[in-house]
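Secondary and tertiary structure notes
Residue-level listing of the chains:
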Amino acid sequence: HFCSKEDLQMATLDAVHRIFLKEVVEPAMAREGGLPRLVALIESWLSHLERRVFPCGCFFSQCALEFDSRPGRIRERICTLLRSWLDLMESELRRAKAKRVLTAKSDEAQIVFELAGFMNQANYDWQLWSGQETFVRARRSIYRTLLEAATPKGRAVLKAERQE
């Protein structure tokens, strides 16, 4: 079915991406755009780790570690997929800023960088130690970061999202 190992790897990435969209992105897209959708995206992502949708945790994080120093089509596809995920989170932050639930001085790219750091650390901790505490810590850090950038209206939105 495949002419090369690289073709098989590309097909695998595409199949995993479809699963990721179904498990993580699509459920969150039903939420209102901005902070509610961003929180839903993050919660779906953490949930997919907890449910072990992929035994290796975040499949794309694992691939990024393996291919980060290898030029070629696989690396480029991984970069594209990861960039689309980060861009999606950033677009929801921009939407939140437009709705005035984030402060005008908020730096969406910086916030995404921090959120991704917490999420990736949760992935690594979960894979190494499987302790639920990692998700408690990740959520605490994520919400603290979002609260720091939120307006009073945004804090109310975040509080409501945490209670759901």
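**A closer look at empty space enclosed by the protein**
Enumeration over the complete set of coordinates arrives at 1 cavity of 30 Å³ or more. One number sums up the size of the largest cavity: a volume of about 30 Å³. Every residue along the wall of the largest cavity is listed here: Val39, Ile42, Glu43, Arg139, Ile142, Tyr143 and Leu146. For the lining of the largest cavity, the secondary structure elements donating two or more residues are α2 (35-50) and α6 (133-149). Considering every element that reaches the lining of the largest cavity, the biggest residue donor is α6, with 4 residues. Residue composition of the lining of the largest cavity, by class: 5 nonpolar, no polar and 2 charged.

**Comments concerning the pattern of salt bridges**
Inspection of every chain in the model, using the stated rule, returns 16 salt bridges. Of the charged contacts, one joins Glu76 and Arg75 as a salt bridge, the two residues approaching to 3.4 Å between their closest N and O atoms. For Arg75, a relative accessible area of 27% translates into the label partly exposed. Two residues, Asp87 and Arg83, come together in a salt bridge whose shortest N-O distance is 3.2 Å. Of this pair, Asp87 and Arg83 both sit in helix α4 (residues 73-98), separated by 4 residues, roughly a single helical turn. You can call Arg83 partly exposed: its relative accessible area is 44%. Among the charged side chains, a network of salt bridges with common partners joins Glu6, Asp7 and Arg73.

**What to know about the nonpolar core**
With 46 residues, the main nonpolar core has Leu38, Ile42, Trp45, Phe60, Trp85 and Leu146 as its most contacted residues. Where this core is concerned, the elements lending two or more residues are α1 (5-29), α2, α3 (59-67), α4, α5 (108-129) and α6. Residue contacts for Trp45: discarding those within four places in its chain leaves Phe20, Val24, Cys58, Trp85, Met119, Asn120 and Asn123.

**Here we look at the side chain of Glu108**
Relative to the helices and strands, Glu108 is located in helix α5. On the basis of relative accessibility, which here comes to 12%, the residue Glu108 falls in the buried class. Looking at Glu108, its side chain comes within polar contact range of the side chain of Lys97, at 3.3 Å.

**Observations regarding α6**
Over its 17 residues, α6 extends 25 Å from the first C-alpha to the last, a length consistent with the 24 Å expected when each residue adds 1.5 Å. Taken residue by residue, α6 has Thr134, Phe135, Ala138, Arg139, Ser141, Ile142, Tyr143, Thr145, Leu146 and Ala149 as its buried positions.

**Digging into unusual backbone geometry**
Positive phi, normally seen in glycine, also occurs at Arg100, with a value near 65 degrees. With respect to the secondary-structure elements, Arg100 resides in the loop between α4 and α5. The class for Arg100 is exposed, based on a relative accessible area of 65%. One non-glycine residue, Ser130, lies in positive phi territory at about 55 degrees. As for its position among the elements, Ser130 is in the loop between α5 and α6. On the basis of relative accessibility, which here comes to 38%, the residue Ser130 falls in the partly exposed class.

**As for the environment of Met10**
For Met10, the position within the fold is in helix α1. Spatially, the C-alpha atoms of Met10 and Leu88 are 22 Å apart, while their sequence positions differ by 78 residues.

**What to know about the side chain of Ser44**
One can find Ser44 in helix α2. Residue Ser44 is classed as buried on the basis of its relative accessible area of 12%. Within the structure, the side chain of Ser44 is placed 3.5 Å from the backbone oxygen of Val24, a separation counted as a polar contact. Those residues in contact with Ser44 that sit more than four places away from it in its chain are Glu23, Val24, Pro27, Ala28 and Arg51.

Definitions and limits used
- Residues numbered from 1 in each chain as written.
- Predicted model: local features only at pLDDT ≥ 70, side-chain atom pairs only at ≥ 80, totals over all residues.
- Heavy atoms only, no water.
- 1 Å grid on protein atoms, 1.4 Å probe; cavity = no way out; pocket = protein on both sides within 12 Å on 5 of 7 lines; lining within 4 Å.
- Points joined across faces, edges and corners; volume = space filled by probe spheres on them.
- Helix = DSSP H or I, 4+ residues; strand = E, 2+ residues; numbered from the N terminus.
- Nonpolar A, V, L, I, M, F, W, Y, C, P; charged D, E, K, R; others polar.
- Salt bridge = Lys/Arg side-chain N within 4 Å of Asp/Glu carboxyl O.
- Buried < 20%, exposed > 50% of the residue type's maximum accessible area, 1.4 Å probe, protein only.
- Core = buried A, V, L, I, M, F, W, Y, C linked by side-chain atoms within 4.5 Å.
- Contact = heavy atoms within 4.5 Å.
- Polar contact = N/O pair within 3.5 Å; in protein donor to acceptor, adjacent residues only side chain to side chain.
- Expected span 1.5 Å × (residues − 1).

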